[in-house]
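Now for the letters of each chain:
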There are 8 protein chains.
Amino acid sequence: MGKPYVRLDKDNAAVLLVDHQTGLLSLVRDIDPDKFKNNVLALAAAAKYFNLPTILTTSFEDGPNGPLVPELVEMFPDAPYIARPGQINAWDNEDFVKAVKATGKKQLIIAGVVTEVCVAFPTLSALAEDFDVFVVTDASGTFNHLTRDSAWDRMSQAGAQLMTWFGTSCELHRDWRNDVEGLGALFAQHIPDYKNLIQSYVKNTAK
Amino acid sequence: MGKPYVRLDKDNAAVLLVDHQTGLLSLVRDIDPDKFKNNVLALAAAAKYFNLPTILTTSFEDGPNGPLVPELVEMFPDAPYIARPGQINAWDNEDFVKAVKATGKKQLIIAGVVTEVCVAFPTLSALAEDFDVFVVTDASGTFNHLTRDSAWDRMSQAGAQLMTWFGTSCELHRDWRNDVEGLGALFAQHIPDYKNLIQSYVKNTAK
Amino acid sequence: MGKPYVRLDKDNAAVLLVDHQTGLLSLVRDIDPDKFKNNVLALAAAAKYFNLPTILTTSFEDGPNGPLVPELVEMFPDAPYIARPGQINAWDNEDFVKAVKATGKKQLIIAGVVTEVCVAFPTLSALAEDFDVFVVTDASGTFNHLTRDSAWDRMSQAGAQLMTWFGTSCELHRDWRNDVEGLGALFAQHIPDYKNLIQSYVKNTAK
Amino acid sequence: MGKPYVRLDKDNAAVLLVDHQTGLLSLVRDIDPDKFKNNVLALAAAAKYFNLPTILTTSFEDGPNGPLVPELVEMFPDAPYIARPGQINAWDNEDFVKAVKATGKKQLIIAGVVTEVCVAFPTLSALAEDFDVFVVTDASGTFNHLTRDSAWDRMSQAGAQLMTWFGTSCELHRDWRNDVEGLGALFAQHIPDYKNLIQSYVKNTAK
Amino acid sequence: MGKPYVRLDKDNAAVLLVDHQTGLLSLVRDIDPDKFKNNVLALAAAAKYFNLPTILTTSFEDGPNGPLVPELVEMFPDAPYIARPGQINAWDNEDFVKAVKATGKKQLIIAGVVTEVCVAFPTLSALAEDFDVFVVTDASGTFNHLTRDSAWDRMSQAGAQLMTWFGTSCELHRDWRNDVEGLGALFAQHIPDYKNLIQSYVKNTAK
Amino acid sequence: MGKPYVRLDKDNAAVLLVDHQTGLLSLVRDIDPDKFKNNVLALAAAAKYFNLPTILTTSFEDGPNGPLVPELVEMFPDAPYIARPGQINAWDNEDFVKAVKATGKKQLIIAGVVTEVCVAFPTLSALAEDFDVFVVTDASGTFNHLTRDSAWDRMSQAGAQLMTWFGTSCELHRDWRNDVEGLGALFAQHIPDYKNLIQSYVKNTAK
Amino acid sequence: MGKPYVRLDKDNAAVLLVDHQTGLLSLVRDIDPDKFKNNVLALAAAAKYFNLPTILTTSFEDGPNGPLVPELVEMFPDAPYIARPGQINAWDNEDFVKAVKATGKKQLIIAGVVTEVCVAFPTLSALAEDFDVFVVTDASGTFNHLTRDSAWDRMSQAGAQLMTWFGTSCELHRDWRNDVEGLGALFAQHIPDYKNLIQSYVKNTAK
Amino acid sequence: MGKPYVRLDKDNAAVLLVDHQTGLLSLVRDIDPDKFKNNVLALAAAAKYFNLPTILTTSFEDGPNGPLVPELVEMFPDAPYIARPGQINAWDNEDFVKAVKATGKKQLIIAGVVTEVCVAFPTLSALAEDFDVFVVTDASGTFNHLTRDSAWDRMSQAGAQLMTWFGTSCELHRDWRNDVEGLGALFAQHIPDYKNLIQSYVKNTAK
């Protein structure tokens, strides 16, 4: 009746970070900048933590769109980095698609700026080629709520699954026992409320 | 054309309360804490009122996530209680699934914290095994509206029905005449506006 | 691919007004009371204007739920009026279903209080019997936005079309030339901005 | 330059609860009903905890305004209870003013329904007689944010101090050591987040 | 310390309705049009009910600003009606000020469109001439919340009292016993929740 | 599983601008008037930039609905212009459908006022005739968020794709290299943040 | 009792536009960018229309803050332009203060980015030197509502009057008859709703 | 007329950080946790950058309130640290007041959790002793907007100035030339939008 449950699998997933550039970020107004920055870095940290192949791409980075945010550059020094010469839909860039296919992964985790273009276009293209697409909604940003809601509807109706960085991390990890400290550190770093819980816990149990 | 009408049946439904733990509740910010607490307790009261088999489960309750909220412990002293040793998706825990299947019920009413993980994961797993899943959205909580909307879309697209504790109670009860006082008491206890109506009514008709 | 376009037809539509009772209205908080009252009366006025068979029903009107709002009683003195003795889902009441079927109409326009129960339940039941259901969302009310969104999703996924009283009126009327004055009066009475446009127009063209 | 710091003193304060009636509560829409009920009961509990003289009053309680909410009746069985025969401003009722003056207190803590009338009118009258007035804003309710903001401005400009039930309790208590358990219980009962903190703490330190 | 309590007195108050014109109303977006229309008519009805001298004025009513809303024209056929030939601040119009002073009243109740101009300007001018000014905030409208908040601050800081139509009515009436039916009818007509209370009451007490 | 990816193609798309009339625009309150005007003109500018056949239509433009906004008249002096004599659904007007079909395009980009009527009705009709419909949500407006959400759901469920003017432009352009200056000028003209990026860029790189 | 009514006088007022720079504008998130740009340009247009001496100033315009927005540069080619070498408070820059005092005006109309710094600091300094300061709140922007509300409170408490560009224009103009066309054009250019009124008016009166 | 301009002076200011404890932070819901954490750390970083004497205090840190957030402990290893044994108002603790007075500063910059208690109480007490108090509103948090607004009003009316961490930093720094790199680094670290501006600038000017 509904979409089948395609579950994220860390052995079968790749991460695509699309156009998180310093200029384009000034366009993002559907989410607070403090929170948005945190979410993007959290998704990136999760990608590294789970050793997921990660692909970076930018649009016209020598122009007003600005360079990729430096934190991402530093976190993924060896990742494929496709500075697209003009294609708006990253999937129209052969190098990008080659890099995606070279990972051999069937599940694509996508986030970017702005949601209805840089995220939605490759999402729709990848779905059309039978990839399973997981859009990380809270690491993607756009002009306002109206544009976001339109973009989400288009992607969801086309078969994409709407995820968050936290849900993505939990679905990839499956079981805390795989590495309690590692996952706890990831969450503490990016969820202030969770870090507070841990600090209170450590203090109280130390008595 | 649309999903068929699968109607809640009190003889065929079980309730799953997932990870309503004192620590995790500090993460819930998509709903006011006064209202959220009320909704969770209302759903629990409805489960008791309709004698639905109810299963409790927690995640890492000895750590920062904290213990199950004491009201739920007290309301369901004899319910299966699965303190999961690490599985994030409760459905990955054999004991939990066994407990669910032991109820012999086909309809699962699920609520928990946080929505996109502790609720969505077992919802999707149960749907994949052909259970009918009813998500009680107002007794489930998460970080913010963005994460909630993403989680709802994912669950709805997969075939879950989005419910509230009040709708759930009404659909289970079917007819006020089955027990006017009982249902009225349940509502008065958890809906201040409804209690006010009753108080005004009692006062006025006593004249 | 999508739902087919079932278009409202004034010769094939009936209106069901469910539980707009003076007590229950105090529960409605997802829409401002001034606007809600206006929308309900506008839908009722449209039903009269298009001569649609209209059915009134109430739940426990002798108790705290209170009587049907007097304006509706006055507007539809001859309409079938089913004071349900206990059934929460109006469709569980034989007299109600008989009254619906006696209209001979295939298209049902439904509004009521509260959305996830009094509207959603008969909507789902009617869809299961192959009626075309048009939910008038802005003449239906409930506890808050969260409960509304859940109810809308459930009804839409089951095949209902979400309408407003204005859209309903326009789709029924088809062509202004069928009666310019009549439709204009309906709108002027219930849309302050539209009445202002007319007043300015009349003033200016009178010069 | 600014208003002098008049600090709440439990030996010099009385509480006035004005028109928290079951009918009038249906008018309150500037604050969620779950939260509002909790706030009113929390203020009442604080009044009892600090043994503050408390005065109850109602407006036309035999009519549509409805009876005083039963919880308040039960909590203050011996409090002066002035059922006003018609005066809208409680301060226009001689018995009410007598009861206030009989307490011998200079500081008046006021809450009620609706804010711009039942709270603002006696607040302004009491200020005019040189009482110090502390309005408990979150235990007072009205039609919408616009009416609330207007009422707050009028009262603040006239010299009232805007307080909350929590701030009021803390200012009255002064020092946790006066009674840790008592104040903790008051907060745990009315602040879900605080109760969660305590539960986590108890669990963790019990190890 | 604060502003003294200047209390509305029906024998000493006049009402000024400024520029509620059909064109200008399309500029009002800080309040819903259904509610705004209701509030303006409620204030007008209160003015009539208390027999307050009422003055109507318009700005350029032959141009795009449009005519005065017809309901006000009908309600006050004999009121001074100053169609200002150009003055933006009504107080700059001699006829208007003469009409105000001819009432012999010291207390002015003002509402209009738009708040920061048509309301604020005569408010500030009247304050400068030592009138007591009561701005009816919910019967005044403007472009958005930002402009409203600025206007309120300017008027309040200059000494105006911010009121609502309901608070104004209650302060003028003083005691329900002066006319229970009359005031109840005024409220029932303009507060749907209040009308519902009355209907429930009548039904229940008729048993 | 989901809708197939029908991608906008500038050689196969036409633009339908429905009822952007000066009177009807006063009804639009789900989007700020400054932003709405900008979005409508941006969509129109994109239509011109991509040389898409564009069709204008109005409803009763000689009455209170008012004339088409003059900017659109000036931008499309040679476009088919159908002043509908009465049909509410533009698709019920033969001339309009003829004009649409005369373009020979399969993809229809639709925007208008109000969303649930003037946009939704032709959208549903065109879908029923197997056109691909792209609704430009941010160049369409209606009474409030509730009516918008209902309209979006109805159109999306029927198979329409929800777009924005920016997403539409990007999907049509495909590659910046097709005309960097042109697209940049379009964006700079209608996205203040983007213009700021360009200005900063020009200033900085000029050093 | 309140602040005296200091009324804007076009013969005694100067306009200070502080730091509306292309980079700094990306920090403004308490107001939508489309509306904010419009408001700033509207204030600038009003300054020109009333021939008010206008002073431009920037902070570090060669760095990341970016150049003054080009529209302002073009509108005021001959205005004093103080590119401050480092002073954050423009009033700390001697040239700026000299330019202000050279205008000989006592009333200062100030707007800028960001509100709590670039606007508030010179506002407080000018008030300290007994200027009358009028802050144009809707042509000033900052990080979020919280920072805006804090800044407004600080400035208002210090004696500044909070204005909008529309209120400012109306208070300066005094009487439409001084120039109906001019003021009408200013409003039509910057208030879409007002332009619509005019267009409808022109169309209708042309019959 | 208004409050005189008391300007922050880095040689005469001290910072008081009150009760930013890991447990209490779960009560803060008037500001997003990502943003709140950032603001608190930004204020702390500013205190260090300007070498302002800083005083830390906690309430019952061995109980459920939890320990001081570890980042603050690490940033101020040598600061006076008053773990209050019970006083709710830090100013009631002699050691705290001694530490404040030992700084010899007249200007106090205060932030804490929760606003209406831990911030407001010492603010009012310090004002009563003629200190100049600057409340950093965005580094202070409480239960909801209603409690925040009440607290702000009380503090502002008593003479406190409402500031933000950014405004505080700018007022302390006075002139960028005192240290461009230092202030720029402070802002880049805590304002994502500002960091983006710098990154774009560096990239573009490097060409």
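As recorded in an unreviewed UniProt entry, chain A goes by Hydrolase and comes from Acinetobacter tianfuensis.

Caption draft 1: Molecular detail of the overall build of chain A. Looking only at helices and strands, chain A has eight helices and six strands in total. Principal-axis analysis of the C-alpha atoms gives chain A an extent of 60 × 40 × 35 Å. Put simply, of all contacts in chain A between residues at least 6 apart along the chain, 80% involve residues at least 24 apart. Separation between the mean location of the 19 positive side-chain charges and that of the 26 negative ones in chain A comes to 6 Å.

Caption draft 2: Summary view of the relation of the copies chain A and chain B. After a rotation of 90° and a shift along the axis of 0.0 Å, chain A superposes on chain B with an RMSD of 0.0 Å. The superposition of one copy onto the other is thereby described by a four-fold rotation axis. The rotation axis passes nearest to the C-alpha of A:Gln157 in chain A, at a distance of 6.1 Å. Different-surface contact between copies: only 6% of interface residues of chain A are shared with the interface of chain B.

Caption draft 3: Just the interface of chain H and chain G, in detail. With 36 residues of chain H in contact, the opposing surface of chain G contributes 37 residues. Taking both partners together, chain H and chain G bury about 3,000 Å²; carbon and sulfur atoms supply 62% of that area. Seen at the junction of chain H and chain G, the total is three salt bridges. Here G:Arg29 ties to H:Asp193 by a salt bridge, and the two come within 2.8 Å at their closest N and O atoms. The interface formed by chain H and chain G contains 11 residue pairs in polar contact (both at pLDDT 80 or more). Contributing elements (two or more residues each) for the side of chain H that touches chain G: α5 (145–157), β6 (161–163), α6 (165–173), α7 (180–190) and α8 (192–205) of chain H. In the side of chain H that touches chain G, the residues fall into 18 nonpolar, eight polar and 10 charged.

Caption draft 4: View of the side chain of E:Thr115. Mapped onto the fold, E:Thr115 is located in helix α4 (residues 115–128). Excluding anything up to four places from it in sequence, E:Thr115 contacts E:Ala120, E:Ser140, E:Gly141, E:Thr142, E:Ala151, E:Trp152 and E:Met155.

Caption draft 5: Examining the pairing of strand β4 (residues 107–112) of chain C more closely. Residue and element names in this part refer to chain C. Across the six residues of β4, six count as buried, placing the element largely inside the fold. Alignment of strand β1 (residues 13–18) against β4, held across six bridges, turns out to be parallel. Opposite Val15, over in β4, you have Ile109 as the bridge partner. In terms of strand pairing, β4 meets strand β5 (residues 132–136) through four bridges, oriented parallel. Paired with Ile109 across the bridge in β5 is Phe134. The parallel pair β4 and β5 is bridged by helix α4 (residues 115–128), and the resulting crossover is right-handed.

Caption draft 6: Spatial organisation of the packing of helix α1 (residues 33–49) of chain B against helix α8 (residues 192–205) of chain D. Running from N to C, α1(B) and α8(D) point in directions that differ by 70°, and their axes come no closer than 8 Å. Classified by the interaxial angle, the pair formed by α1(B) and α8(D) is roughly perpendicular. Residues B:Pro33, B:Asp34 and B:Lys37 of α1(B) form the contact with α8(D), whose own contacting residues are D:Pro192, D:Asp193 and D:Lys195. For the contact of α1(B) with α8(D), a count of residues per class yields two nonpolar, no polar and four charged.

Caption draft 7: Geometry of the interface of chain A and chain B. Listed per partner, the contact involves 36 residues of chain A and 37 residues of chain B. Carbon and sulfur atoms make up 62% of the area that chain A and chain B hide from each other, which totals about 3,000 Å². There are three salt bridges connecting chain A and chain B. Here chain A and chain B share 11 residue pairs in polar contact (both at pLDDT 80 or more) between them. Breaking the side of chain A that touches chain B down by element, the ones donating at least two residues are α5 (145–157), β6 (161–163), α6 (165–173), α7 (180–190) and α8 (192–205) of chain A.

Caption draft 8: Local environment of the relation of the copies chain H and chain G. Least-squares fitting of chain H to chain G yields an RMSD of 0.0 Å, with the superposition described by an axial translation of 0.0 Å and a rotation of 90°. Here only 6% of the contact residues of chain H are again contact residues in chain G; the copies associate through non-equivalent surfaces.

Reading guide: rules and limits
- Residues numbered from 1 in each chain as written.
- Chains lettered and ligands numbered in written order.
- Predicted model: local features only at pLDDT ≥ 70, side-chain atom pairs only at ≥ 80, totals over all residues.
- Heavy atoms only, no water.
- Helix = DSSP H or I, 4+ residues; strand = E, 2+ residues; numbered from the N terminus.
- Contact = heavy atoms within 4.5 Å.
- Lys, Arg positive; Asp, Glu negative; His and termini not counted.
- Charge placed at Lys NZ, Arg CZ, Asp CG, Glu CD.
- Least-squares fit on C-alpha atoms with pLDDT ≥ 70 in both.
- Buried area = accessible area lost by both parts, 1.4 Å probe.
- Salt bridge = Lys/Arg side-chain N within 4 Å of Asp/Glu carboxyl O.
- Polar contact = N/O pair within 3.5 Å; in protein donor to acceptor, adjacent residues only side chain to side chain.
- Nonpolar A, V, L, I, M, F, W, Y, C, P; charged D, E, K, R; others polar.
- Buried < 20%, exposed > 50% of the residue type's maximum accessible area, 1.4 Å probe, protein only.
- Pairing = 2+ DSSP bridges.
- Right-handed = clockwise from strand over helix to strand, strands pointing away.
- Axes fitted to C-alpha atoms, helices over the stretch in contact; angles between N-to-C directions.
- Parallel < 35°, antiparallel > 145°, perpendicular 65-115°, else oblique.

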